[in-house]
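Structural overview for review
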Amino acid sequence: MLEIRGIRKSFGETLAVREASLTIPAGQAVAVVGANGAGKTTLMEIVAGAKRADAGEVLMEGERVGGSGDAARLGIRMVHQHFDLAESMTVAENLALHDGGLAPLFGRRGIERVAREIVARSGLALENLERPVAALSVGEAARVELVRALSQRPRLLILDEPTSVLTPREVEDLVALLRRLTRQNTAVVLISHKLAEVFAFAERIVVMREGAVVADGPSAATTREQVARAMIGRDLRTVPPSRSDDPHPVRLRLTDLATSPASHRVPLRGVDLELRAGRISAIVGVAGNGQNALADALRGLAQPSRGHIEIDGAVIAAPALFRSRRLAHIPSDRAREGIVRELTVAENLALRARRWSRGGARARARAAIARFGIRGTPDQAAGSLSGGNQQKLILARELERAPEVIVASEPTRGLDFDAARFVHERLRAAAAAGAAVLVITSDLDEAASLADEVRVISAGSLSEPLAPDTPAAELGLRMAGTH
Amino acid sequence: MRRLVSALLAASLGLIAIGAILGLLGHPPLHTLARMAAGALGSPWALAETLLKSVPLLFTALAVVVAFRAGVWNIGAEGQFVVGAIAALVVARALPAGSFATAAAVAAAMLAGAAWGGIAALLRLGRNAPEVLTTILLNFVALHLLGWLAGGPLQEQARRYPQSDPVPAATLLDTAGSTRFHAGIWIAVAAAILVHALLFRTAAGLRLRAVGANPLAARWAGVEVRRHLAGAMLLSGAIAGAGGAVELLGVTHRLYERFASGAGYSGIAVALLAQLHPIGSIASAAFFGALATGAGALQRSEGIPAALATFGQGATVIVLLTLGSVRSWWPFPRPGRLARGGER
């Protein structure tokens with residue numbers, strides 16, 4: 001059905017896709033796996049007509065796909081990792097905007113009616129269509145994107161890292177849904193680097209490395225280790241988490257902290273939390289259960305409506321927090337909040353510096369690049385780094401000044417295991433050096449392997465601390481909470 | 001490099017548009033353009049006139065560069081230019097004539113311009129009023145203030161025209177020979193170099209550019225966004241105000257109602273053509289200065305309206321903005337990525 005012939009694509013001097021050829025029959029469940037920067041997203045964006053190849057061609061049922069118009073007409077749909085939604089508009093408007101056709105939209109009701117039809121056609125459930133997209137969690141926005149794609153009844157559906165923001169239960173549902181689609185003869189391509197879900201879903205696994213397809217075969221005939229080795233080109237090694245039971249002084253304490261429902265859809269409802277020096281605490285939960293309110297309160301964006309925040313025993317006003325050099329924050333949306341894409345790597349690293357000279361900034365950038373293994377140059381625009389390298393850049397800047405408290409939101413979302421492991425190592429090293437670390441994540445494996453204690457956030461409340469080896473099923477039940 | 005190419009392309013297409021209009025009006029385009037060029041560059045006198053016209057443009061363009069780089073949409077250079085000139089006149093006439101009065105007048109102009117910009121900054125930070133609107137509105141306030149002063153409290157002793165008495169000769173900027181070329185051009189060039197150094201050689205400049213490119217990320221990186229927004233607005237106003245003082249002390253010597261004659265708005269075009277680059281603004285201001293001088297010469301010799309210069313300015317900016325969107329669908333491979341924040 002789909003034929004990809006000899007695709008090549010470069011961005012400036014970087015060769016993103018070197019040479020890729022692939023044939024995908026109707027109804028096949030394919031996983032395209034590879035490390036960050038392996039070229040999987042670029043290749044699939046070319047298939048979906050969103051990018052133009054330098055060489056080679058894409059044929060759907062023998063017809064050439066030259067642009068996104070062709071792709072849509074031929075039934076190719078792609079759900080991107082970074083969503084294409086208009087943030088200030090409501091969910092209903094976003095749905096009607098793209099797929100409303102030529103039917104007249106009579107006011108808000110007309111738009112909602114069209115949107116509900118689109119939701120019905122997709123076969124997914126979606127509530128509260130009048131909410132603005134900006135108020136949605138990442139997981140909810142992903143669902144809107146999926147509804148949009150499925151309502152078009154695509155013949156080839158491409159999903160770019162769809163599960164990075166979903167809970168285990170949601171992932172299971174998604175896999176079941178995708179399997180149903182393949183039975184209805186829709187081919188599904190899942191771009192991922194999470195091997196568990198890849199093996200749960202795909203009948204065929206295509207491995208890309210450095211812009212080329214390096215392995216391709218039925219998933220039944222291969223093992224996770226083989227795939228992992230093909231992805232990174234060498235063997236894995238795992239690092240045991242650091243655990244120690246010395247007495248640790250409390251660095252950060254939240255007492256009965258609540259935020260206003262006006263600023264967050266799910267506010268904090270009286271949260272108590274202690275972060276101790278040298279310890280890593282994880283907070284897990286389904287996206288949209290108050291994580292944003294917690295992160296905003298901690299970084300000083302949301303004024304607490306009740307309760308207070310102490311650092312080393314001294315009460316601190318929320319707005320003073322993000323300015324404090326003692327608190328480091330690693331935001332979940334790295335491209336929007338973590339780095340300034342237009343500035344160079346050296347300039348991004350120097351943002352916290354008091355003094356600046358180009359030579360000095362370059363020298364320090366070179367040191368950070370070496371120490372954090374960033375693939376890039378000091379004078380490169382930070383926005384042109386891959387996701388994993390952007391995250392390393394943020395870590396380099398935030399950890400450099402030895403903060404006392406580190407708040408990391410989804411620190412490894414969308415990263416491959418090399419990059420994710422590196423991030424974990426750095427957070428552990430920072431804890432070992434005496435920092436109190438809080439990781440807010442939707443990835444249970446991350447919480448289990450990284451943290452000394454795990455709490456579940458549900459509807460704006462925190463559970464008591466749980467052991468990191470608490471079974472996923474139990475955590476899942478608590479995450480489902482009052483829902 | 002690519003930015004230089006698009007600036008040159010926009011400038012030449014702007015000239016071609018002028019040629020086309022000349023053709024439509026029944027003048028031989030090439031011949032008339034050549035006469036225009038001669039009128040702007042053809043003699044020492046013309047050259048001095050061109051440089052003279054580009055000085056206020058350079059000041060207002062630098063004001064726009066500082067503001068836009070920080071993501072502050074200061075459309076109020078016109079008003080800041082005017083209040084700067086008013087403050088300069090008051091100080092220059094109050095102090096004993098001499099070079100100290102000159103310096104004091106420029107300093108007062110910078111303070112006045114900064115204060116005028118500061119009003120917009122206060123409204124933005126305190127009341128969240130968009131500075132695009134407030135700065136434009138403040139332009140009208142400044143222009144009417146000037147009109148009232150020129151016909152009232154500051155009117156000449158003779159009370160004949162709505163204009164002020166001139167600044168004492170010893171306080172004026174030095175001029176070269178018989179031309180109107182004055183020392184203010186060196187102040188303007190120095191300002192461009194200083195702004196460049198500030199933006200690209202200091203931590204404050206780096207943070208300013210970060211705030212302009214991504215205020216959210218800048219904030220999480222510990223930058224105090226509001227302080228930098230306010231700082232950019234004040235500095236922008238101060239630069240425009242200095243421009244007003246230099247124009248007063250170098251060229252007009254007195255204040256009258258049409259003193260600014262759109263320098264503040266043209267500064268936006270100059271800054272955009274320079275791709276918001278301070279050093280590039282020098283060339284860009286010279287180009288627009290030449291355009292204005294050339295159009296003035298055509299008006300005298302051929303009776304073609306000098307509004308041609310304004311037309312050329314508009315055409316250039318439109319071409320420039322179009323080029324910006326062309327980039328997104330330009331089908332050919334592009335040279336390596338550019339870091340916009342970098343020094344280009």
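Rules used throughout
- Residues numbered from 1 in each chain as written.
- Chains lettered and ligands numbered in written order.
- Predicted model: local features only at pLDDT ≥ 70, side-chain atom pairs only at ≥ 80, totals over all residues.
- Heavy atoms only, no water.
- Helix = DSSP H or I, 4+ residues; strand = E, 2+ residues; numbered from the N terminus.
- Buried < 20%, exposed > 50% of the residue type's maximum accessible area, 1.4 Å probe, protein only.
- Salt bridge = Lys/Arg side-chain N within 4 Å of Asp/Glu carboxyl O.
- pLDDT = per-residue confidence, 0-100.
- Contact = heavy atoms within 4.5 Å.
- Pairing = 2+ DSSP bridges.
- Axes fitted to C-alpha atoms, helices over the stretch in contact; angles between N-to-C directions.
- Phe/Tyr/Trp six-rings, centres within 6.5 Å; stacked < 30°, edge-to-face > 60°.
- Lys NZ or Arg CZ within 6 Å of the ring centre and 35° of its normal.

Some points on the overall build of chain B
Scanning chain B from terminus to terminus reveals 13 helices and zero strands. For chain B, the succession of helices and strands along the chain, N to C, is α-α-α-α-α-α-α-α-α-α-α-α-α. Expressed as a percentage of its 344 residues, the buried residues of chain B come to 54%.

Examining the pattern of salt bridges
Residues and elements named next belong to chain A. Summed over the entire model, instances satisfying the criterion amount to 29 salt bridges over all chains. Here D333 and R336 are joined by a salt bridge, their closest N and O atoms 3.5 Å apart. A relative accessible area of 39% places R336 in the partly exposed class. Each member of the salt-bridge network shares a partner with another, and the members are E3, R5, E57 and R64.

Thoughts on the confidence of the model for chain A
Predicted confidence across chain A gives a mean pLDDT of 82, with 90% of residues reaching 70 or more. Low pLDDT, under 50, characterises residues 236-244 of chain A; the stretch is placed with 17 contacts to residues that sit more than four places away or in other chains.

Focus: the sheet that holds strand β15 (residues 314-316) of chain A
All names here are of chain A. Across the sheet, four strands lie side by side as β12-β11-β14-β15; this open sheet has antiparallel pairing. Edge strands, defined here as strands with exactly one partner in the open sheet, are β12 (269-276) and β15. On average, each strand axis in the sheet is tilted by 20° relative to the strand beside it, whichever way the strands run. Across the sheet, helix α9 (residues 291-298) is in contact with β11 (250-259) and β14 (304-311); its angle to β11 comes to roughly 125°.

As for the packing of aromatic side chains
According to the stated counting rule, one finds six aromatic pairs over all chains in the structure shown. Both rings, one in B:F181 and one in B:W186, keep their centres 6.5 Å apart while their planes meet at 75°; by these two values the pair is edge-to-face. The buried category is assigned to B:F181, whose relative accessible area is 18%. In this structure B:W186 comes out as exposed when scored by relative accessible area, which is 58%. For the pair B:Y256 and B:F259, a centre-to-centre distance of 6.3 Å together with 75° between the ring planes defines the contact as edge-to-face. What makes B:Y256 partly exposed here is its relative accessible area of 29%. Taken together, the ring pairs in this structure connect B:F81, B:Y256 and B:F259 into an aromatic cluster. Its end group placed over the ring of A:F422, A:K392 keeps NZ or CZ at 5.0 Å from the ring centre. For A:R426, the ring lying beneath its charged end belongs to A:F372, and the centroid distance is 4.4 Å.

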